Each structure stands twice: as C-alpha cells, then as structure tokens.
Amino acid sequence: MRFAIFHRITLSALTSTFGGIVEAQQSKKVPRIGYLTSALDRVNPNRDALRQGLRDLGWVEGQNIVIEYRYAEGKNERLTDLAADLVRLKVDLIVTTGGTATEAAKQATTLIPIVFTQVGAPDKQGFVASLARPGGNITGLTNIAEEVSEKRLELLKETRPKISRVAVLWDSATGRHSSKATEEAARFLGVQIQILEATERNDFDRAFEAATKGRAGAMTVLSSGIFHTHREALVGLSAKNRLPTVYDHKDYTESGGLMSYGPYVPEMFRRAATYVDKILKGTKPADLPVERPIKFELVINLKTAKQIGITIPPNVLVRADKVIK
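Residues numbered from 1 in each chain as written. Predicted model: local features only at pLDDT ≥ 70, side-chain atom pairs only at ≥ 80, totals over all residues. Heavy atoms only, no water.

What follows deals with helix H7 (residues 204–213). If you check which residues of H7 are buried, you get Phe 204, Ala 207, Phe 208 and Ala 211. Taken down its axis, H7 places every buried residue within 95° of arc, on the same side. In this structure, the buried side of H7 is in contact with strand S6 (165–170), strand S7 (192–197), strand S8 (218–221), helix H8 (225–229) and helix H9 (231–240). Residue Arg 215 follows H7 closely and has a positive phi angle near 60°. (Buried < 20%, exposed > 50% of the residue type's maximum accessible area, 1.4 Å probe, protein only. Helix = DSSP H or I, 4+ residues; strand = E, 2+ residues; numbered from the N terminus. Arc of directions from axis to C-beta. Contact = heavy atoms within 4.5 Å.)

In structure tokens, the structure reads:
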C-alpha cells in the first residue's frame, strides 16, 4: 500500500513537472521580425540568402522565428504605411533593403531595432552616428556607394577611352551623397558628367532624351530600389539609345545590361542574419558597427556589347567575375 501511494505520488509529481516544462516551452515567445523593401514580391535571391543565413544560425522560419514580409512593389510612397504596419504588429526587429525603406522604418520607430542592407553612406544619410559607433536603434551593412563610384567610371573610361561626358542617373530619394561621390570621381578622372534625376518609371524616357541631347558618351546608373524594380525598362532604353551603361548590381547585366560592378549582394544578406541573431540574443544595435562588403563582382554582357556596337578590351574582360555570352 505504501509503495502504491508513493508510486502514485511520484508519477503525479513527474507528470506535473513534465507538464510544466512543456507548458513553458509552448509559452516561450517566438521572435517575429519584419522585412521591408521597395522590391516586388517575387522570387528573390537576396531574401533567400537572408533565410539561409538565419537557418545557419539556428533560426528556422515557421519553427522558431516568424518573418513578416512587406513589399512596396516599386511604389516608394507605400513604404511609410508598410513600416507603420510592422510597428503595429510589434515585431522584434525590422530588416530593410535600401535607403528609402530604411528611412521609412526610421520614421516609424525609434525603439524597434532596424538592420539595413544595401545602404550607401548611412552616416551621411543620418541613419547612424558613425560606422564604428552607430548609436540609436539602427545598424547594418553598407554597400559603400561612394567608394565604388570611381571604379564604375573607370570601367566606362577603359571601355570607351575617348568618352568625355558621362550621364549619371540617380534617384533623389536615395540621398544626394551618391551623386556627389560620382561627381568627385569624375573630376579625378577628368570626365564631365550630366546629372539626370529620376524618381519613378515615368522619368526614364525623359532622362535618356536629355542624355542624348547632352551628347553623353556613356551612362552610370546609381543604386535605387525604383531603378532595380524597373531594370528591364532601363536596360531596354540603354540598348535603344546604344548608350554603354554600367550598373550597381548584376541583376541589370543578367537582364541585358552592358556591365555591372558592386558588392556581392547575397553575401550581404547572409551577413545581415548575424546582426539579427545577435540583436535577438540581447545585443543592442548601437553596439554593432556597420559592416562594409568584403566581396565585389564585375559582370559583363558580351551579347549586349555586340548589340550596341562596342568591344570590351581584354584588360577589362579578364577582370570579370562572370561573362554573359
């Protein structure tokens, strides 16, 4: 009888303890993060790279982390409402792509941590106090637009040594710093530039007409979410006007653009996962320095070169990480 009573008490205690553990596990909060971008909702290798980076760190979407995706689909004016929606959901963190999305998130909250990607000169845009000491609730990965501006102009100059005037297409929503960096690089290389502003798809035709009238011998397209979303249109206009153009991302070249030079973006998004991981585990954004890209890639489309009637010099071609024939 004593054994039976003890047995029942022991089983009852074990059941109670096990039940408490299960209940504690079930009640444990699953982190919820936001993903804010001006891009379209479609197959996205950068988004997939972020997911893979999180998986590598033990965060599996749908199991121990939830990701709320918000796409502006090329309409920057929607970003403000989308950012506000993420704040209303009380997400634990927001990952942003590009300066425009980061600005929208910044305006929406000063408390929720923000991890940005593909932002040039975040200190000059007011997102962080400095790259080494971000301060506040924002940090992330810069694409150092200022430092690659000269390289893109050099590529155009090497490809077309006789050009003296280059059109620069920029989106004012991304910040004046991008075009200023290109202006400084042009002065160093002895090239005149023609600044052309475009903030939406309807501005593209007018910009190329101005480039033609200004007798630009080539064009460089600066980083912009709007440009990337409508890259097929930009690539088509460059081909139509037979204007050698260099872009900041390989997606343009793979869509028919002549050449691109910039950070290897998927790696940037995988690295963004480490920021998410550290912040979810208690590190403050202010204590995480902004990271610069460590890998760059040059992509050249020879089919496009032939189409617009130019020859890529061997010394440029040999440096390409990828050649599209």
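Before going further, it helps to examine the packing of aromatic side chains. This structure, assessed with the given rule, holds seven aromatic pairs. Both rings, one in Phe 116 and one in Phe 127, keep their centres 6.4 Å apart while their planes meet at 40°; by these two values the pair is tilted. Within this pair, whereas Phe 116 is found in strand S4 (residues 114–119), its partner Phe 127 is found in the loop between S4 and strand S5 (138–142), the two being separated by 11 residues in sequence. Assigned by exposure class, Phe 116 and Phe 127 land together as buried. On the basis of an interplanar angle of 65° and a centroid distance of 5.8 Å, the ring pair of Phe 204 and Phe 227 is categorised as edge-to-face. Taken together, the residues Phe 204 in helix H7 and Phe 227 in helix H8 connect sequence positions 23 residues apart. By relative accessible area, which is 0% here, Phe 204 ends up buried. Through a chain of ring-to-ring contacts, the aromatic side chains of Tyr 35, Tyr 69 and Tyr 71 assemble into a single cluster. Directly above the ring of Tyr 69 sits Arg 47, whose terminal nitrogen or CZ lies 5.8 Å from the centroid. (Phe/Tyr/Trp six-rings, centres within 6.5 Å; stacked < 30°, edge-to-face > 60°. Lys NZ or Arg CZ within 6 Å of the ring centre and 35° of its normal.)

That is the geometry; function is a separate question.
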